Amino acid sequence: MSLDYLLTVLIVCVSPGIGVIYTLSMTLGGGMRAGFWASVGCTIATVFHMIVAMAGLAAVLHTSAVLFQIIKFAGVAYLLWMAWAVLKDRGSMSVVPAKPATAGRIVWRGILLNLLNPKLPLFFVAFIPQFMPAGSGMGLLIELGAVFSGVTFLTFIGYAILAACGRDALLASETTMRWMRRAFAASFAALGLKLAVARA
């Protein structure tokens, strides 16, 4: 495994996306515990997509326009619902302290958010082979996938720690929290719109 692969994976994982936004919002609403379980859920979805890519199902998804569109617009609808829930400060999507959501619910939402992004398995199919020398076997593919998943989890945890450290200061300002809600809602909506125009 090359250093180039590790650095590229880190850059990809650190770039804000659905998982990062979800982890940050959960941490602000429920503290480090919620951030940890959000990280677990998003990472599980990443592992699933990696397995899909390895099994060659991503190629099927890529050639089935109908299946791609169904999954894509289910994801768009869910992201827009998340945006509305955050903006309205509803239930477990609240970014202010409230009755904490169960670990299972936080994990499931993290999984669902990422499973409904059909671009992920296609990304893995296009990304990982670039770092596999000719004649490489399944062992290296699994190793690269495991490293990607591990870096993904550590990155989400890092974001959760940062959010948890600044949580008290943020929660002390009503104005700041109001703008944070708007920022998270706008982020989920923007990600939904970005997914809506994605092509297989």
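A quick note: this is a predicted structure, and the numbers were derived from the prediction, not measured.

Calculation rules
Residues numbered from 1 in each chain as written. Predicted model: local features only at pLDDT ≥ 70, side-chain atom pairs only at ≥ 80, totals over all residues. Heavy atoms only, no water. Axes fitted to C-alpha atoms, helices over the stretch in contact; angles between N-to-C directions. Helix = DSSP H or I, 4+ residues; strand = E, 2+ residues; numbered from the N terminus. Parallel < 35°, antiparallel > 145°, perpendicular 65-115°, else oblique. Left-handed = near helix turned anticlockwise from the far one by under 90°. Nonpolar A, V, L, I, M, F, W, Y, C, P; charged D, E, K, R; others polar. Expected span 1.5 Å × (residues − 1). Bend = angle between axes of the 7 residues up to and from the residue. Buried < 20%, exposed > 50% of the residue type's maximum accessible area, 1.4 Å probe, protein only. pLDDT = per-residue confidence, 0-100. UniProt positions renumbered as here; feature names shortened; annotations may be inferred.

J.: Report on the packing of helix H2 (residues 18–54) against helix H5 (residues 103–115), specifying residues and quantitative values.
T.: For the pair H2 and H5, interaxial distance at closest approach is 7 Å and the crossing angle is 50°. Viewed along their axes, H2 and H5 adopt a mutual orientation that is oblique. As for how H2 packs across H5, the hand of that crossing is right-handed. Considering only residue class, the contact of H2 with H5 consists of 17 nonpolar, five polar and three charged.

J.: Go over H2, please, and point to the residues and values.
T.: Its 37 residues place the ends of H2 only 22 Å apart at the C-alpha level, less than the 54 Å of an ideal helix rising 1.5 Å per residue. At glycine 30, H2 shows its maximal bend, which comes to roughly 145°. Judged by how many residues are buried, H2 sits mostly within the fold: 27 of 37 residues are covered. Positive backbone phi, at 85°, marks glycine 56, one or two positions downstream of H2.

J.: An account of the confidence of the model for the protein chain is requested, with residue identities and associated values reported.
T.: Taken residue by residue, the protein chain gives an average pLDDT of 77. The fraction at 70 or more is 71%. Across the protein chain, H5 holds the top mean pLDDT of 89, while helix H3 (residues 57–63) sits lowest at 66.

J.: Explain H5 residue by residue, including any values.
T.: Since the α-helix advances by 3.6 residues per turn, residues separated by three or four positions end up pointing in the same direction. Compared with the 18 Å implied by 1.5 Å per residue over 13 residues, the 18 Å span of H5 between its first and last C-alpha is a close match. All buried positions along H5 are accounted for by Ile106, Val107, Arg109, Gly110, Ile111, Leu113 and Asn114.

J.: Go over the UniProt feature "transmembrane region" (unreviewed entry) in the protein chain with me, naming the residues and quoting the values.
T.: UniProt's feature table lists "transmembrane region" (unreviewed entry) at residues 6–24, 36–60, 66–87, 107–128, 140–162 and 183–199, given in the numbering used throughout. In this annotation, residues 140–162 is assigned 100% helix and 0% strand; the end-to-end C-alpha distance for the span is 33 Å.

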